[in-house]
Amino acid sequence: MKARRAANLAKLLAHLIGVGHCLSLTVLKVIDISPEDMPEMGVIFLTILFTALFEMFDSPAEVISLFGGISRQFGSKSRGGEDDSAGAGDDGDALKENLSVFFLQYL
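In every chain, residue numbers begin from 1 and rise along the written sequence. Only residues with pLDDT of at least 70 are given local features in this predicted model, and only at 80 or more are side-chain atom pairs given and counted; all residues enter the totals for whole chains, interfaces and linings. Only hydrogens and water are set aside when side-chain values are computed; all heavy atoms of the structure are taken into account.

Peer 1: Describe the overall build of the protein chain, with residues and values.
Peer 2: Numbering goes from the N terminus for both helices and strands, where a helix is a DSSP run of H or I of at least four residues and a strand is a run of E of at least two. Looking only at helices and strands, the protein chain features four helices and zero strands. Of the regular secondary structure in the protein chain, the N- to C-terminal order runs α-α-α-α. Any two residues whose heavy atoms approach within 4.5 Å are treated as being in contact. Long-range contacts, defined here as pairs at least 24 residues apart, represent 66% of the contacts in the protein chain between residues at least 6 apart. Accessible area of the protein chain: about 6,900 Å², with a carbon and sulfur share of 55%. Note on areas: Shrake-Rupley, 1.4 Å probe, and residue coverage restricted to the protein chains presented here.

Have a look at this one:
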């Protein structure tokens with residue numbers, strides 16, 4: 001993937017997540033974010049994505065709400081009080097850990 005294409009896709013995804021609220025940050029759970037294996041285009045994509053997301057919001061509360069959606073989506077319980085899917089909390093924890101590693105390493 002070329003850098004321009006990665007940048008354009010990142011801006012589109014940022015718009016769909018931040019402005020349109022059509023998607024949530026949980027779409028990033030399929031990306032393996034490890035500093036050793038991250039290709040350069042992946043770093044460019046995620047850097048532009050998060051930069052665009054952070055620039056969209058005026059207050060820190062909005063950013064907290066955006067990232068709080070990860071916990072709400074993976075931590076939801078069914079009406080019976082049981083988890084909706086086995087391992088859903090593990091997916092949320094893995095996504096949070098991957099994002100933390102990315103932020104510390106690249107941003």
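So that's the structure; there's more coming.
Peer 1: So what's going on with the nonpolar core? Residues and values would help.
Peer 2: Membership of the largest hydrophobic core comes to 23 residues, with the highest contact counts inside it found for Leu25, Leu28, Leu46, Leu49, Phe50 and Leu53. Broken down by secondary-structure element, the contributors of at least two residues to this core are helix 1 (3-18), helix 2 (40-56), helix 3 (60-74) and helix 4 (88-106). If you tally residues by element for this core, the top one is helix 2, at seven residues. Beyond its immediate stretch of four places on either side in the chain, Leu28 contacts Leu13, Leu46, Leu49, Phe50, Leu95 and Leu99. Among the buried residues, those of types Ala, Val, Leu, Ile, Met, Phe, Trp, Tyr and Cys that are joined through side-chain atoms within 4.5 Å form a nonpolar core. The buried label goes to any residue with under 20% of its type's maximum accessible area, the exposed label to any with over 50%, and the partly exposed label to all in between, with areas taken from a 1.4 Å probe on protein chains only.

Peer 1: Can you explain helix 1? Please cite residues and give values.
Peer 2: Here helix 1 is 16 residues long and its end C-alpha atoms lie 22 Å apart, about the 22 Å a rise of 1.5 Å per residue gives. Along helix 1, the positions that sit buried rather than exposed are Ala6, Ala7, Ala10, Leu13, Ala14, Ile17 and Gly18. One face of helix 1 carries all of its buried residues, which in axial projection span an arc of 130°. Those residues of helix 1 that are exposed and aimed more than 90 degrees away from the buried face are Arg4, Arg5 and Lys11. Expected span of a helix: the number of residues minus one, times 1.5 Å. Directions from the helix axis toward the C-beta atoms define the arc.

Peer 1: A description of the confidence of the model for the protein chain should follow, citing residues and the corresponding values.
Peer 2: Per-residue confidence from the predictor is reported as pLDDT, which spans 0 to 100. Summarising the model, the protein chain shows a mean pLDDT of 81, and 81% of its residues fall at 70 or more. Mean pLDDT across the secondary structure elements of the protein chain bottoms out at helix 3, with 78, and peaks at helix 1, with 94. Note on residues 76-86: pLDDT under 50 across the span, and six contacts to partners over four residues away in sequence or across chains.

Peer 1: Any chance you could break down the side chain of Asn98 for me, citing the residues and the numbers?
Peer 2: Among the secondary structure elements, Asn98 is positioned in helix 4. If near-sequence neighbours (up to four positions away) are discounted, Asn98 is found in contact with Ile31 and Ile33.

Peer 1: Can you lay out helix 2 for me, pointing to particular residues and giving the numbers?
Peer 2: Taking 1.5 Å of rise per residue, 17 residues should cover 24 Å, and helix 2 covers 24 Å from first to last C-alpha, within 8% of that figure. Three or more residues of helix 2 are buried, namely Gly42, Val43, Phe45, Leu46, Leu49, Phe50, Ala52 and Leu53.

Peer 1: Outline a negative patch on the surface, supporting the account with residue identities and numerical values.
Peer 2: Exposure above 30% relative accessible area and the absence of a salt bridge qualify a residue for a patch, where like charges join within 9 Å and nonpolar side chains (Val, Leu, Ile, Met, Phe, Trp, Tyr) within 5 Å. One speaks of a salt bridge when a side-chain nitrogen belonging to Lys or Arg is within 4 Å of a carboxyl oxygen belonging to Asp or Glu. Residues scored as charged are limited to Lys and Arg (positive) and Asp and Glu (negative), so that His and the chain ends carry no count. The location of each charge is read from NZ of Lys, CZ of Arg, CG of Asp or CD of Glu. A surface patch of like charges, here negative, comprises Asp90, Asp91, Asp93 and Glu97. Here Asp91 shows up in helix 4.

Peer 1: Describe the environment of Val63, naming the residues involved and giving the relevant values.
Peer 2: Mapped onto the fold, Val63 is located in helix 3. Each C-alpha atom, one on Val63 and one on Leu53, is 8.2 Å from the other, the two residues being ten residues apart in sequence. When near neighbours in sequence (up to four residues on either side) are disregarded, Val63 contacts Phe54 and Phe57.

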